[in-house]
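# Coordinate analysis (summary)
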Amino acid sequence: DRAVRTGSLATIATGGALIGLGMRQGEASRVFRLAGRGILERTGLASTTAPLTSVAVGYIHHLAVATLWGVVLSAVVLPLRGVTRVVMAVILVALYTWVSVEYVPAGLRIGYTVTANLPSAVPIGVSLVVALLGGIWLAATDTSA
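Quick notes on the rules
- Residues numbered from 1 in each chain as written.
- Predicted model: local features only at pLDDT ≥ 70, side-chain atom pairs only at ≥ 80, totals over all residues.
- Heavy atoms only, no water.
- Helix = DSSP H or I, 4+ residues; strand = E, 2+ residues; numbered from the N terminus.
- Expected span 1.5 Å × (residues − 1).
- Buried < 20%, exposed > 50% of the residue type's maximum accessible area, 1.4 Å probe, protein only.
- Salt bridge = Lys/Arg side-chain N within 4 Å of Asp/Glu carboxyl O.

### Some remarks on helix α3 (residues 51-77)
With 27 residues, α3 ought to run about 39 Å at 1.5 Å a step, and its terminal C-alpha atoms sit 38 Å apart, in line with that. For α3, every residue scored as buried is listed here: S54, V55, G58, H61, H62, V65, A66, G70, L73, S74 and V77.

Dropping the structure here:
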């Protein structure tokens, strides 16, 4: 439960970072549109005739992939205590950032192909660290556990 909440927080944080990357290019939904276009074209659908569909598909892709990575990373970090949590969050996210650029297929990467190089993946990494640390704070205030 705590990992899912933290995964949701990761989705929100990385979504903001992706919107920021798009705004740098002059279009806030650019990353979602490009991801949706890539996914639609892989399935054989013409994405250029329906740009809003591309944005929606890209956004749904982001919801699924970012939540998945947030849950996986937080499942490792949340059981830890003290400064070990913070250090592990930073190490895991740095590792995710590097591995996602080098080895993770675009379909399983937060940001799809837009985060295919290290400079574009760093904002995602920073937002993931913030989300994991925020998730730690949320877990610490959970009185039901």
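### A short note on the pattern of salt bridges
Enumeration over the complete set of coordinates arrives at 1 salt bridge. Salt-bridge contacts for R33 lead to E27; the nearest nitrogen and oxygen are separated by 2.8 Å. The class for R33 is buried, based on a relative accessible area of 15%. Judged by relative accessible area, E27 falls into the partly exposed class, the value being 25%.

### Some points on helix α1 (residues 2-24)
The end-to-end C-alpha distance of α1, which contains 23 residues, comes to 33 Å, matching closely the 33 Å that a straight helix rising 1.5 Å per residue would cover. At the C-terminal side of α1, G26 shows a positive phi close to 95 degrees.

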